[in-house]
Amino acid sequence: MVLDGCEMSRSPSFSLKTESGCKVDPKALKRWVVAFCIIRFDLEQGQVIEECYPPDCLTQDEELEIAFSSFPDSVSQHQNRSSIHDCIFFFRFRRRETTQLGNVSSSERVEAEEKVVSPKSVDNRALRRSSSSSNANSPRYMYGYVFNRQRQDERLKRGGEQKSVVILSYCPFSSVFRPLLQILGPLFFDIGKRALEQIASCVSTWPAPVPGKLMELPIGNATLKVNLPPAHSLPLEWGVVSDESFSSMAPSLPTNQSVPQGLFHDADLFGIFRGILLQLWVLWELLIIGEPILIIAPTPPQCCEAVASLVSLVTPLLCSVDFRPYFTIHDPDFAHLNSLSEGDTFPPVVLGVTNLFFLKALRNIPHIVSVGSPAPNSNRLAAAPRISSTGRISGKPEGLGLQQLSLKRFSPSSLLSAVKLRRDGPLCLMTEHKEAIWSTYAATTKPDTAILNRLIDAGMSPRIEESMSVVNNEILRRHFFELTTNFLSPFARYLRATTPSEGTSPFLDPPPLPRFDAEEFLDNLSARGPGKFLSKRMRANWLDLYRRFLKGHNFLPWFQRRRAVAEQEQQRLWRQARMRTNIQEFISKMSELEIVDSFNAIERHLLGEIQLQQSGKGSADSAAVCQKLKGDLQTVFNVLPKDMQQLLLFNPQRASLLQGSLELTKLPGHPSIHAGVISSSPG
């Protein structure tokens, strides 16, 4: 049985292994999952972790934070005397061994980052230094994917009980863990804690995650088919993946809409923001420049969907703003945020909350968004994309064409309501939930009327609404992907790998990428203009958006990542050129000084390949590359003057490279290389 990871629910024909001894490979399991937890809400003790598998893999602080984040702020009320309500949501928290948001002020963090490298003037050495300092050995954040069951029964103590099944992971793969929870959650309530070990056994058989690839993941008698987000959208601690592509820089559109171009491609962007679609362009800008945003929704699934949708809105930009899909007052970072005085700079963060207390506690946050609608009296999964009615406004028959949107926005009654909403401020949500945005930010980008006209309204039919939401999400994602890639395209000249030009020796080092200077970039961009696509969609102050982007939290991490990928790609292209080029074609045209430079460059490339082999990082063709470079080194050596040859041979390491084999080659601190094969003889 093959199941689509984005649309799967537990099938009656689904089954797991029944044998008692499930084998779990802990190392393989951790590639995907840190732990499975069962958490019970005890009316007297509070949140209690009943089970954790594998045991003893979490710290006490982590257990406490996970327990508090795994339940809705309040139990949903149902009309039935005996009813079950399930929902799926996820949270993200900072691992405590990394820098805490509450321990370092915003100004101190910005100052520390500027000491590493400032976007005003960026060269290659600074980029490499900054990239290595921000690339921690372990992930900074952990994700918790929650299946929560609230069971109301008057026969139970205090009328009900509440439990959560939680999957903990370092991976932001909602398209994997949501459908997995749809299996694990009901299975646990059917067979108990045995479900944890059985699912863990299945997960430990999965291959390692490969960003950007379609993966087939066996689970019992079924297979999850899931497209993972591409490498360029993953957090910096994942490092630069060797096959990370340039696709995120090119303004070309994806041909296959089911293949994700960024994080949370499965989020229901249209469904959750349907009531404030005209504000999507404002929200896009706020996230681009890294502004703090508070998102309020009636339920955890809705606020998670909104935060995930916002992060996906800026694809293919690497989102480096801290985002918390479901944030509670128990999070250790809340104490710092609550202590900020009027006039203090709010750190760049997107917070999804359901507790209205945050409206008073975080009154200094500059942008507040209210989305979603009160949860219906239903036991459907409120977070499953395209299955549920998460954030959707059922019973609204009006269409979504420009005419209807315009009338709704500019009619006298709507204008009065908007003025009253602004005057009352977000505290009006304390008495009645409304979909709105409160912000003094003046957007540069105009809503795209052509896109709004293409959106399809489903009326009141849930079945039609589900399919139309898929279509509308694709329309919106395609537009904002194109908008973001065109916004980023002026940086392409600083991120473009070059190949050796005709007549240029590939044996020399490739030229460095152009040095980036923010003021020079803005001057050139001002003279050249933003391009045809953006000119039609942005107001006259479009250059201010670029200024804010350069100063914001997203620019430098994204630029570093793309720069590292470009340098890696350039090294690969020049390496290929060296393999294809006959060195003798260049020697006849070289001066003696150029020949010596070529000898030194080839020797350096050869030693680099040997080091890669010794460290186990060599590619499949490393032995062939070493052999080719060794032959080129010998060829160049043979045309050097005799006195120069004798001088070069005084170096024993160099002499061994020129003696027809690699047997004597040994680099300091490395094992010896024998005929291109690694050996580990003591040195």
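Residues numbered from 1 in each chain as written. Predicted model: local features only at pLDDT ≥ 70, side-chain atom pairs only at ≥ 80, totals over all residues. Heavy atoms only, no water.

As a reminder of what qualifies: UniProt positions are given in the numbering used here, feature names are shortened, and annotations may be inferred rather than shown by experiment.
The chain has the name Protein DENND6A isoform X1 in an unreviewed UniProt entry, where Nelumbo nucifera is given as its organism. Recorded in UniProt under Sequence similarities (unreviewed entry), the annotation for the chain is "Belongs to the DENND6 family."

1. Description of the overall build of the chain
Put simply, the rule is: A helix here means a DSSP run of H or I that spans at least four residues, while a strand means a run of E at least two residues long, and both kinds are numbered starting from the N terminus. For every residue, the accessible area (1.4 Å probe, protein chains only) is compared with the maximum for its type, and the residue is labelled buried under 20%, exposed over 50%, or partly exposed between those bounds. In what follows, residue pairs with any heavy atoms lying within 4.5 Å of each other are defined as contacts. Residue exposure ignores everything except the shown protein chains as possible cover, and the areas themselves are Shrake-Rupley values with a 1.4 Å probe.
Counting its secondary structure elements, the chain contains 24 helices and 17 strands. Per-residue burial over the chain gives 53% buried out of 683 residues. Within the chain, counting contacts between residues at least 6 apart in sequence, those at least 24 apart form 77% of the total. Accessible surface computed for the chain: about 31000 Å², of which carbon and sulfur atoms make up 51%.

2. Concerning the pattern of salt bridges
The following threshold applies: We define a salt bridge as a contact between a side-chain nitrogen of Lys or Arg and a carboxyl oxygen of Asp or Glu at a distance within 4 Å.
Applying the stated rule across the entire model yields 21 salt bridges. Glu305 is paired through a salt bridge with Arg178; the nearest N and O atoms lie 2.9 Å apart. With Glu305 in helix α9 (residues 300-313) and Arg178 in helix α5 (residues 174-191), this residue pair connects regions lying 127 residues apart in the sequence. Exposure remark for Glu305: the relative accessible area of 1% places this residue in the buried category. Residues Asp448 and Arg537 are paired through a salt bridge, measuring 2.9 Å at the closest nitrogen-oxygen approach. Of this pair, Asp448 sits in the loop between β14 (436-438) and α14 (449-454) while Arg537 sits in the loop between α17 (532-535) and α18 (542-551); the two residues are 89 residues apart in sequence, bridging distant segments of the chain. On the basis of relative accessible area, Asp448 is assigned to the buried category, the value being 8%.

3. What about the packing of aromatic side chains?
What counts here: A pair of aromatic rings is counted whenever rings of Phe, Tyr or Trp (Trp by its six-membered ring) have centres within 6.5 Å, and the orientation is called stacked for planes under 30 degrees apart, edge-to-face for over 60 and tilted otherwise.
Applying the stated criterion across every chain yields a total of 38 aromatic pairs. Arranged with centres 5.6 Å apart and planes meeting at 15°, the rings of Phe90 and Tyr145 form a pair that is stacked. Of this pair, Phe90 sits in strand β4 (residues 82-94) while Tyr145 sits in strand β6 (residues 141-153), and the two are 55 residues apart along the sequence. Taking the centre distance of 5.2 Å and the plane angle of 45° together, the rings of Trp281 and Phe480 count as tilted.

4. Details of the side chain of Ser233
Let me state the cut-off plainly: In protein, a polar contact requires one atom able to donate a hydrogen and another able to accept it; more generally it is a pair of N or O atoms within 3.5 Å, and residues adjacent in sequence count only if both atoms are side-chain atoms.
Along the chain, the position of Ser233 falls in the loop between β9 (222-227) and α7 (269-273). By relative accessible area, which is 7% here, Ser233 ends up buried. From its side chain, Ser233 meets the backbone oxygen of Pro230 in a polar contact 2.8 Å long. Those residues in contact with Ser233 that sit more than four places away from it in its chain are Gly262, Leu263 and Leu318.

5. Here we look at the environment of Ala601
Positionally, Ala601 belongs in helix α21 (residues 592-614). According to the relative accessible area criterion, Ala601 is buried, its value standing at 2%. On a C-alpha basis, the gap between Ala601 and Leu508 in space is 5.6 Å, while along the polypeptide they are 93 residues apart. Look past the residues within four positions of Ala601 in its chain and what remains in contact with it is Phe507 and Leu508.

6. Regarding helix α6 (residues 194-203)
One full turn of an α-helix is made of 3.6 residues, so residues set three or four places apart face in the same direction. Counting buried residues along α6, eight of its ten residues qualify, which places the element largely inside the surrounding structure. Within the span of α6, buried status applies to Ala195, Leu196, Gln198, Ile199, Ala200, Ser201, Cys202 and Val203. At its buried positions, α6 is contacted by α1 (26-30), β2 (35-42), β3 (46-53), α5 and β8 (214-219).

7. Comments concerning the sheet that holds strand β13 (residues 367-370)
Strand pairing in a sheet takes place through backbone hydrogen bonds and is either antiparallel or parallel in direction. Note the threshold: Pairing between strands is defined by DSSP: at least two bridges between them are needed. For every element, the axis is a line fit to its C-alpha atoms; helices are fit only across the contacting stretch, and the angle between N-to-C directions ranges from 0 to 180 degrees.
If you trace the five strands from one edge of the open sheet to the other, you get β11-β12-β10-β13-β14, paired in mixed fashion. Unpaired on one side and paired on the other, β11 (322-324) and β14 mark the two borders of the sheet. Strand-to-strand twist across the sheet, computed as the mean angle between neighbouring axes with direction ignored, equals 10°. Where β13 meets β14, three bridges bridge the pair, whose relative direction is antiparallel. Within β14, the residue paired with Ser370 across the bridge is Ala436. Running at roughly 155° to strand β12 (residues 349-353), α9 makes contact with β10 (293-296), β11 and β12 of the sheet.

8. Overview of the environment of Leu280
The residue Leu280 is located in helix α8 (residues 280-288) in this model. C-alpha of Leu280 to C-alpha of Lys446: the two residues are 166 residues apart in sequence and 10.0 Å apart in space. Sequence-distant contacts of Leu280, defined by excluding residues within four places in its chain, comprise Leu269, Phe273, Leu313, Leu476 and Phe480.

9. Points about the pairing of β13
Side-chain alternation along β13 places His367 and Val369 on one buried face and Ile368 and Ser370 on a second face that is also buried. Relative to β13, β10 is paired through four bridges, and the arrangement is parallel. From the neighbouring strand, Leu294 faces β13, where its bridge partner is Ile368.

10. Quick word on the packing of α8 against α9
How we decide: Any angle from 65 to 115 degrees is called roughly perpendicular, while one under 35 is roughly parallel, one over 145 is roughly antiparallel, and all others are oblique. Residues are grouped as follows: Ala, Val, Leu, Ile, Met, Phe, Trp, Tyr, Cys and Pro are nonpolar; Asp, Glu, Lys and Arg are charged; every other residue, Gly included, is polar.
In contact at an axis separation of 9 Å, α8 and α9 are set at 75° when each is read in the N-to-C sense. By the angle between their directions, the pair α8 and α9 is classed as roughly perpendicular. Side by side, α8 and α9 meet where Leu280, Leu283, Trp284 and Leu287 of the first sit next to Leu310, Val311 and Leu313 of the second. Looking at the contact of α8 with α9, its residues break down into seven nonpolar, no polar and no charged.

11. A closer look at the packing of α5 against α6
Put simply, the test is: Crossing handedness is defined as follows: a turn of the near helix away from the far one that is anticlockwise and smaller than a right angle gives a left-handed crossing, while the clockwise case is right-handed.
Where α5 meets α6, the axes come as close as 8 Å, and the angle between the chain directions of the two elements is 145°. The two elements α5 and α6 meet at a crossing, and its hand is right-handed. Counted together, Leu180, Ile183, Leu184, Leu187, Phe188 and Ile191 of α5 and Arg194, Ala195, Leu196, Gln198, Ile199 and Val203 of α6 form the full contact between these two elements. Residues of the contact of α5 with α6, tallied by class, amount to ten nonpolar, one polar and one charged.

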